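# Structural overview for review
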Amino acid sequence: MSLNTSLLISILMALLIVRALRRFLDLPTRIPRLNALLTYIWVPGAALTLLATVFRWRTDQLDELYMLFVLASVLLVLARLRDYRPARTLLLALAPYVVYSAIELVLAVTGRELMKRYDDIFETSQGFALIWLITFVFIARSQKKTLEAERLLREEETKAKERIEAQNAELERLVAERTATLTTQAEELQQALTELKTTQAQLIQAEKMASLGELTAGIAHEIQNPLNFVTNFSDVSTELVSELEEEQQKPQRDAELEADLLADLKQNLQKINHHGQRAASIVRGMLEHSRASSGERQPTDINLLADEYLRLAYHGLRAKNKSFNATLHTDFDMSLGKVEAVSQDLGRVLLNLFTNAFYAVQKRKEMQPSINGYMPTVSVITRRGPDDTVEVRVRDNGTGMPEGVQQKIFQPFFTTKPTGEGTGLGLSLSYDIVTKGHGGTLSVETQEGEYTEFIISLPA
């Protein structure tokens, strides 16, 4: 093989080595300047080839000299990358072969006899250097694969971490938006609740004023009687005073007549006082009904309360409809004694039940005018109940209720009355007053077209 051919083969091998080294160690990224210089690794080989051609050199060591230069350049690159584990391994792998090649080249130039004498030793050393080189090249390749796997794992972990951070950021954004939305909704709900409470208070006041209207009509009738008595006895008393003054002006006064006149006057004044107190008690009852309840329970005569509100409700309805008449039936247990209750609140409950009862019998009378012998009747019964309780039963023989209405009767805003005749809060408020305010029960028994009976049960 000619010298030029050997050099050309060496140059080709050098280019292949540089290419492999670039790919294996990623030289363009790690050491870009030195990588650029390696592009010209063929220049020294080409120069030696040109010189050998011009000067007609016949030595066999030029290609070995060029390869030694190439290996030295590779060692320089590996030394620069010694922090990279595969590069250190390749440096360790190549160093013995480079040392052997340098010694062989020196001896080939200066002492061929020595090489021939120790030819076996040099061949063994060359084989050892090659085996060492190949072994460590495989080790470096394994290290690179391990490092590449670790790098890919780190990159995957980094990407996963970035994805998690992005997801966390998105979640935080969504949470912030949701929190802002919930805060807005909470404020809107709070405002709606405030408005609802205001509306509720207004409706309760409207129901209270409606019951007060029913009460006022009855009171107007009830208070008329004692006021008539007061007026009549006042007129009679005025006449008695005039007679007494005339008697006193006579020369001969009749002491017995004066005594009779004074006795009659005193009796009239007592009756005026009695009926005045009656009128005052009716007014006080109306004021107690209209004012806000204190919520304090006091001993209350259930019989007296039920009788009073029964008549007030009846006269209230008659004040609106003069043609309406009904039979009032009372059956009071006089042994009940007084019950701890809030009289104003319990009075509202009774007034509501009585008003509903009279409304029911009036509607039945209007719907079935042709029924012979039908007499609207509302009754109230008080008695001892089971488990040491006091029962107040309000019964009417009116229209009754179907089962569907019975199940909803105590629901707020539910009413069977036409629009404008009821708020639907009367029985709901009555139920709350009895159950929550007094710890009792309020139930209903009814048969459609026959009767309705509300039963109040209070702790004795």
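Let us look at the structure shown here.

Rules behind the numbers
Residues numbered from 1 in each chain as written. Predicted model: local features only at pLDDT ≥ 70, side-chain atom pairs only at ≥ 80, totals over all residues. Heavy atoms only, no water. Helix = DSSP H or I, 4+ residues; strand = E, 2+ residues; numbered from the N terminus. Buried < 20%, exposed > 50% of the residue type's maximum accessible area, 1.4 Å probe, protein only. Contact = heavy atoms within 4.5 Å. Phe/Tyr/Trp six-rings, centres within 6.5 Å; stacked < 30°, edge-to-face > 60°. Lys NZ or Arg CZ within 6 Å of the ring centre and 35° of its normal. Polar contact = N/O pair within 3.5 Å; in protein donor to acceptor, adjacent residues only side chain to side chain. Salt bridge = Lys/Arg side-chain N within 4 Å of Asp/Glu carboxyl O. Expected span 1.5 Å × (residues − 1). Pairing = 2+ DSSP bridges. Axes fitted to C-alpha atoms, helices over the stretch in contact; angles between N-to-C directions. Left-handed = near helix turned anticlockwise from the far one by under 90°. Nonpolar A, V, L, I, M, F, W, Y, C, P; charged D, E, K, R; others polar.

## Focus on the overall build of the protein
- Scanning the protein for helices and strands turns up 13 helices and 7 strands.
- Looking at the protein residue by residue over its 460 residues, the buried ones come to 36%.
- Counting contacts in the protein only where the partners sit at least 6 residues apart, residues at least 24 apart contribute 72% of the total.

## What about the packing of aromatic side chains?
- Throughout the structure, instances matching the rule amount to 7 aromatic pairs.
- Seen in terms of ring centroids, Tyr314 and Phe358 are 5.4 Å apart; in terms of plane orientation they differ by 45°. Their pairing is tilted. Taken together, the residues Tyr314 in helix α10 (residues 302-320) and Phe358 in helix α11 (residues 343-367) connect sequence positions 44 residues apart.
- Classification of Tyr314 by relative accessible area gives buried; the value is 10%.
- Note on Phe358: relative accessible area 1%, which makes it buried.
- Through successive ring pairs, a cluster of aromatic residues spans Phe128, Trp132 and Phe136.
- Seen from the ring of Phe24, Lys144 lies directly overhead, with NZ or CZ sitting 5.6 Å from the centre.

## Details of unusual backbone geometry
- Phi at Asp387 is positive, roughly 60°, even though this residue is not glycine.
- Within the fold, Asp387 resides in the loop between β4 (377-385) and β5 (389-396).
- Within the chain, Asp388 stands out as a residue other than glycine whose phi angle is a positive 55°.
- Tracing the chain through its elements places Asp388 in the loop between β4 and β5.

## A few points about the environment of Asp396
- Here Asp396 is to be found in strand β5.
- C-alpha of Asp396 to C-alpha of Thr446: the two residues are 50 residues apart in sequence and 9.6 Å apart in space.
- Once residues within four sequence positions are removed from consideration, Asp396 is found in contact with Ala357, Ala360, Val361, Thr377, Val378, Glu450, Tyr451 and Thr452.
- Polar side-chain contacts of Asp396 include one of 2.8 Å to the backbone nitrogen of Gly398.

## A look at the pattern of salt bridges
- Here the structure, examined in full by the defined rule, presents 13 salt bridges.
- In this structure, Glu453 and Arg393 form a salt bridge, with 3.4 Å as the shortest nitrogen-oxygen distance. Remark: Arg393 occurs in strand β5 and Glu453 occurs in strand β7 (residues 451-459); sequence separation between them is 60 residues.
- Overall, Glu453 belongs to the buried group, its relative accessible area being 6%.
- On the accessibility criterion, Arg393 (14% relative accessible area) is buried.
- Salt bridges sharing common partners tie together Arg383, Glu391, Arg393, Arg395 and Glu453.

## Some thoughts on helix α5 (residues 62-80)
- In a regular helix each residue adds 1.5 Å, so 19 residues correspond to 27 Å; α5 covers 27 Å between its end C-alpha atoms and thus fits that length.
- Restricting attention to buried positions, one finds in α5 the residues Leu62, Asp63, Tyr66, Met67, Leu68, Val70, Leu71, Ser73, Val74, Leu75, Val77 and Leu78.

## What about the sheet that holds strand β6 (residues 441-447)?
- Strands sit in the order β2-β4-β5-β7-β6 across an open sheet of 5 strands; the sheet is mixed. Looking at the sheet topology across the chains shown, the edges are occupied by β2 (327-331) and β6. Averaged over all pairs of adjacent strands, the angle between their axes in this sheet comes to 15°, without regard to strand direction.
- Sheet topology places β2 next to β4; 5 bridges connect them, and they run parallel. Across the sheet, Thr330 pairs through a bridge with Val380, a residue of β4.

## Digging into the packing of α11 against helix α13 (residues 426-438)
- Contact pair α11 / α13: the axes reach a minimum separation of 9 Å and the direction vectors enclose 145°. Considering the relative orientation of α11 and α13, their crossing is left-handed. Along the contact surface, α11 presents Asp345, Val349, Asn352, Leu353 and Asn356, while α13 presents Gly426, Leu427, Ser430, Ile433, Val434 and His438.
- Split by residue class, the contact of α11 with α13 holds 5 nonpolar, 5 polar and 1 charged.

## Section: α10
- Taking 1.5 Å of rise per residue, the 19 residues of α10 would be expected to cover 27 Å, and the 27 Å separating its terminal C-alpha atoms lies within 8% of that figure.
- For α10, the set of buried residues is Ile302, Asn303, Leu305, Ala306, Tyr309, Leu310, Leu312, Ala313, Tyr314, His315, Gly316 and Leu317.
- For α10, the N-terminal capping position is held by Asp301, with its side-chain oxygen 3.1 Å away from the main-chain nitrogen of Asn303.

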